[in-house]
Amino acid sequence: LKAQCDEIELQPDALTVTVGSCSTYAGVVLGAALQELGRPAIGLSISNESGERTAKARRLIDEATRYLGLEACVPDDDIRILDQYRLEGYGKTDATLYAFIHDMAKRTGLILDPVYTGKALRGVLEEMRAGCLQDARDVVFVHTGGVFGIYQKRQGFELSWRTI
């Protein structure tokens, strides 16, 4: 990620990523601290409340730091997880999320899923409009995949899959 940002001369104001098990988020936070890239790294929980996720991320970051023999480099303030976009929890969706995913695919070609990336990107955009990212100019969304989640939830989309 650092190399890609350097290549296009981008110094992100923030990194954003979906938070499920916390391991990807913990890696992004630690990597951002080590590379001095895009701090804060904001996580958007798709399942659990932020307090629980924050504690787990802190533990994973500390374990990785010890394992790699690094000095502690991630202050508590750098661990920021939002939970207001998780809807009712893991795998739970609603019609507005399906509409958002469909609209993003039509307008941008970006494929999101209703379990992970759809919730997270919708949250990022809402935070850019009126939340903690509203003053950020360059925000990187780390797309973690989830395409296969579309097929399991396809009944929620009100569109013909043959036309995509």
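For the structure itself, look to the data block above.
So, here's what we can say about the structure. (Residues numbered from 1 in each chain as written. Predicted model: local features only at pLDDT ≥ 70, side-chain atom pairs only at ≥ 80, totals over all residues. Heavy atoms only, no water.)

1. As for the packing of helix H4 (residues 95-108) against helix H5 (residues 117-130)
Running from N to C, H4 and H5 cross one another at 85°; their axes reach a closest spacing of 10 Å. Looking at the two axes, H4 sits roughly perpendicular to H5. Seen from H4, the contacting residues are Thr96, Leu97, Phe100, Ile101 and Met104; seen from H5, they are Gly118, Lys119, Leu121, Arg122 and Leu125. Among the residues forming the contact of H4 with H5, the class breakdown is six nonpolar, two polar and two charged. (Axes fitted to C-alpha atoms, helices over the stretch in contact; angles between N-to-C directions. Helix = DSSP H or I, 4+ residues; strand = E, 2+ residues; numbered from the N terminus. Parallel < 35°, antiparallel > 145°, perpendicular 65-115°, else oblique. Contact = heavy atoms within 4.5 Å. Nonpolar A, V, L, I, M, F, W, Y, C, P; charged D, E, K, R; others polar.)

2. Here we look at helix H2 (residues 23-35)
In a regular helix each residue adds 1.5 Å, so 13 residues correspond to 18 Å; H2 covers 18 Å between its end C-alpha atoms and thus fits that length. Those residues of H2 that are buried are in contact with strand E1 (14-19), strand E2 (41-45), helix H3 (50-68) and strand E3 (79-82). Backbone geometry just after H2 places Glu36 at a positive phi near 50°. (Expected span 1.5 Å × (residues − 1).)

3. Remarks on the nonpolar core
Residues Leu15, Tyr25, Val29, Ala41, Ile61, Val74 and Ile79 are the most contacted members of the largest nonpolar core, which totals 18 residues. Those elements giving two or more residues to this core turn out to be E1, H2, H3 and E3. Here the element with the most residues in this core is H2; it accounts for seven residues. Setting aside residues up to four positions removed in sequence, Ile61 forms contacts with Ala26, Val29, Leu30, Val74 and Ile79. In this structure, Leu44, Leu97, Phe100 and Val124 belong to the second largest nonpolar core, which totals 16 residues. (Core = buried A, V, L, I, M, F, W, Y, C linked by side-chain atoms within 4.5 Å. Buried < 20%, exposed > 50% of the residue type's maximum accessible area, 1.4 Å probe, protein only.)

4. Here's the deal with the environment of Leu70
Relative to the elements of secondary structure, Leu70 occurs in the loop between H3 and E3. Exposure remark for Leu70: the relative accessible area of 33% places this residue in the partly exposed category. Separated by 36 residues in sequence, Leu70 and Leu34 place their C-alpha atoms 9.6 Å apart. Those residues within four positions of Leu70 in sequence are excluded, and the remaining contacts are Leu34 and Thr65.

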